[in-house]
Amino acid sequence: MSESATDDRLIQVEKMSIDQLAGGFVMIAGAIGSLLLVIWQSKCHCKMNLCYIFSCERRPPNEEEMKSLKEQGKEMKKKTDNMMKKENKILEKEDEILDEVESQKSLSPSSSTIKISELDESPRNR
């Protein structure tokens, strides 16, 4: 009769190693953590109590807080726009400098070289 009882089981669990057990625990803890994260980041009022050890309450922002957040967002956008304008000016200046350097390179290479005889006539050697 014990043989028929073992055959009727729907799930048979094999022995597992300690690393498999740890992996299962991490997966379960991650699932619970992600669920709590979704609840915490939601815009609704929620209260969490973890076995009477940790209790936390989250309320959505009121109208005054929303106005201040909107103002902060506008200020950040202005700062970002100013930074982008400055960066674009710098990039334009860099392009001008690179164009100038390229145009000087395209000139004849003999005009940019110094003759050795000119170096010999320097004031130090006299």
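Residues numbered from 1 in each chain as written. Predicted model: local features only at pLDDT ≥ 70, side-chain atom pairs only at ≥ 80, totals over all residues. Heavy atoms only, no water.

1. Notes on the overall build of the chain
Then comes step 1: From N to C terminus, the chain includes 5 helices and 2 strands.
Then comes step 2: Reading the chain from its N terminus to its C terminus gives the helix and strand order α-α-β-β-α-α-α.
Then comes step 3: Buried residues in the chain amount to 5% of all 126 residues. (Helix = DSSP H or I, 4+ residues; strand = E, 2+ residues; numbered from the N terminus. Buried < 20%, exposed > 50% of the residue type's maximum accessible area, 1.4 Å probe, protein only.)

2. What about the pattern of salt bridges?
Opposite charge on two side chains lets them pair, provided their charged atoms get close.
Then comes step 1: A complete count under the given rule lists 1 salt bridge for this structure.
Then comes step 2: Note that Asp-81 is salt-bridged to Lys-77, the shortest N-O span being 3.5 Å. Placement of both Asp-81 and Lys-77 in helix H3 (residues 63-106) is noted, with a separation of 4 residues, approximately one turn of the helix.
Then comes step 3: A residue is classified by how much of its surface remains accessible, and Lys-77, at 54% relative accessible area, is exposed. (Salt bridge = Lys/Arg side-chain N within 4 Å of Asp/Glu carboxyl O.)

3. What about H3?
Side chains three or four residues apart in an α-helix point the same way, a direct result of the helix having 3.6 residues per turn.
Then comes step 1: For H3, built from 44 residues, the straight-helix expectation of 64 Å at 1.5 Å per residue is met to within 8% by its first-to-last C-alpha distance of 64 Å.
Then comes step 2: Within H3, only 0 of the 44 residues are buried, leaving the element largely exposed. (Expected span 1.5 Å × (residues − 1).)

4. Side note on a negative patch on the surface
Then comes step 1: Together, Glu-92, Glu-94, Asp-95, Glu-96, Asp-99, Glu-100 and Glu-102 line one region of the surface with negative charge.
Then comes step 2: Locating Glu-96 in the fold gives a position in helix H3.
Then comes step 3: Take Glu-96: its relative accessible area is 55%, and that puts it in the exposed class. (Patch = residues over 30% accessible without salt bridge, like charges linked within 9 Å, V, L, I, M, F, W, Y side chains within 5 Å. Areas by Shrake-Rupley, 256 points an atom, 1.4 Å probe, with all protein chains shown as cover. Lys, Arg positive; Asp, Glu negative; His and termini not counted. Charge placed at Lys NZ, Arg CZ, Asp CG, Glu CD.)

5. A few points about a positive patch on the surface
Then comes step 1: On the surface, a cluster of positive charge is contributed by Lys-85, Lys-86, Lys-89 and Lys-93.
Then comes step 2: Tracing the backbone through its elements, the reader meets Lys-86 in helix H3.

6. What to know about the confidence of the model for the chain
Then comes step 1: Residues with a pLDDT of 70 or more make up 78% of the chain, whose mean pLDDT is 79.
Then comes step 2: At the level of individual helices and strands, the chain shows its lowest average pLDDT in helix H4 (residues 109-112), which scores 53, and its highest in H3, which scores 90. (pLDDT = per-residue confidence, 0-100.)

7. Remarks on a nonpolar patch on the surface
Then comes step 1: On the surface, Ile-28, Ile-32, Leu-35, Leu-36 and Ile-39 cluster together into a nonpolar patch covering about 450 Å² of accessible area.
Then comes step 2: Examined against the element boundaries, Ile-39 turns out to sit in helix H2 (residues 18-41).

8. Here we look at the environment of Asn-62
Then comes step 1: With respect to the secondary-structure elements, Asn-62 resides in the loop between strand S2 (54-58) and H3.
Then comes step 2: Within the local environment of Asn-62, its side chain forms a polar contact with the backbone nitrogen of Glu-65, the two atoms lying 3.0 Å apart. (Polar contact = N/O pair within 3.5 Å; in protein donor to acceptor, adjacent residues only side chain to side chain.)

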